[in-house]
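# Geometric and topological summary
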Amino acid sequence: MIIQRVVLNSRPGKNGVPVAENFRLEQSTIADTIQAGQVRVRTLYLSVDPYMRCRMNEDTGSDYLLPWQLSEVADGGGIGVVEESKHDNLAKGDFVTFFNWPWQTVAILDGSLLQKLVPQLVNGHLSYFLGAAGITGLTALLGIKEKGHVAVGANQTMVVSGAAGACGSLAGQIGRLEGCSRVVGIAGTDEKCSILVQEMGFDAAINYKKGDVAEQLRELCPGGVDVYFDNVGGDISDTVISQMNQDSHIILCGQISQYNKDVPYPPPLPPDIEKIQKERNITRERFLVLNYMDKQEASILQLCQWIQEGKLKVRETVVEGLANIGAAFQSMMNGGNIGKQIVSVSK
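Thresholds, definitions, all that
Chains are numbered independently. Their residues run from 1 in the order of the written sequence. Local features are withheld for residues below a pLDDT of 70 in this predicted model, meaning they are given only at 70 or higher, and side-chain atom pairs are given and counted only at 80 or more; totals for whole chains, interfaces and linings count all residues. The basis for every side-chain value is the complete set of heavy atoms in the structure, and neither hydrogens nor water enter the calculation. In DSSP terms, a helix is any run of H or I states spanning at least four residues, a strand is any run of E spanning at least two, and both are numbered starting from the N terminus. A cavity here means a set of 1 Å grid points, computed over protein atoms only, where a 1.4 Å probe fits but cannot escape. A pocket is an open set with protein on both sides within 12 Å along at least 5 of 7 lines, and lining residues have an atom within 4 Å of a point. Grid points are joined across faces, edges and corners, and a volume is the space filled by probe spheres set on the points. Put simply, a disulfide is two cysteine sulfurs that come within 2.5 Å. Accessibility here uses a 1.4 Å probe with only protein chains present; expressed as a share of the type maximum, an area under 20% marks a residue as buried, one over 50% as exposed, and anything in between as partly exposed.

This paragraph deals with unusual backbone geometry. Phi angles above zero are rare outside glycine, and His-149 is one such case at about 50 degrees. Along the chain, His-149 falls in the loop between helix 2 (135-148) and strand 8 (157-161). Phi at Asn-281 is positive, roughly 55 degrees, even though this residue is not glycine. Inspection of the secondary structure assignment puts Asn-281 in the loop between helix 7 (271-279) and strand 13 (283-286).

This part is about empty space enclosed by the protein. Counted according to the given criterion, the structure contains one cavity of 30 Å³ or more. Reported here for the largest cavity is a volume of approximately 80 Å³. Taken together, 15 residues form the lining of the largest cavity, with Ala-132, Leu-170, Val-314, Arg-315 and Lys-340 sitting closest to its centre. Counting residues per element, the lining of the largest cavity draws most heavily on helix 3 (residues 166-178), which supplies three residues.

This part is about the state of the cysteines. Under the definition given, this model contains zero disulfides. Considering cysteine sulfurs only, Cys-253 is the nearest to Cys-167, which forms no disulfide, with 3.7 Å between them. Looking at the unpaired Cys-180, the closest cysteine sulfur is the one in Cys-221, lying at 11 Å. You can call Cys-180 buried: its relative accessible area is 4%.

Turning our attention to the layout of surface pockets. Roughly 520 Å³ of internal volume is contained in the second largest pocket. What lines the second largest pocket is a set of 26 residues, and nearest its centre among them are Thr-97, Gln-115, Phe-129, Gly-134 and Gln-296. Every element with two or more residues in the lining of the second largest pocket is listed here: strand 4 (75-85), strand 5 (95-102), strand 7 (115-116), helix 2 and helix 8 (296-308). It is helix 8 that provides the largest number of residues to the lining of the second largest pocket, a total of four residues.

Okay, here's the thing in structure tokens:
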């Protein structure tokens, strides 16, 4: 069977900025028949995420992420529909997901690796299982629960950087649902800031490209910052940390401002900021959602319930066509997306 797939065409270099041309669309073939335990799936949606930047390097700098190989098919979170099955628990027409879904139109996969999806849990929005009701939502919810130490009635202020991104846009809302009394987002355009406040219930949002961030933060968080959901690292995080309270908490989710730099993860703080962190006893521990998979099922059901009740608003930036996945990746790394970046491969 003839299929289309996307392979890694070139590496941007550890300090390089990824571009669409780092990926290549090509024609390939898969077997016409499947073996016992296998399923043939047609790809519906693929997830494009910041962590994938590390996979473009020869060394990901991580013990849980494998690098993509040159001229080999890329992979990541994906959703598809079963077209043929020789696996006991999967039937034709079932919707399934997998964290290492190959970037191709049709694939033959080991059925035991796939998770069956129930579209009704997300009001029929299947792609949500790659974002708000998937690994992204889990990262936001479990990060806040495990590292944020949010308590109802504690009058805590949360700040979220990268707040209009896939994880940040959920984290602010979940912080509120879990008990924060004030939530402030930091994003890169007026449009993003407006969406955060008007659609997603943030109390305020700062456009870091306009004006003095430190000054705006002091104005919007007069009682200081108790919980910081850090998606970006770098100068913005240094500014937030300098206004954090005694015994406050940093949820170290991502460091997108550092992903195109050859630095360790998480990157060390500048000496003056590290001094503040230590003096104020601010926790800053690496958070990896894969360490909490025993809480996955209950957490996904909680996220789905909030979605169904309209308490968790979901934004997606959807790009049509497998051929455009490289451009979608470039746009996301440049901050061009609002919410989750999804590529729709077929209907």
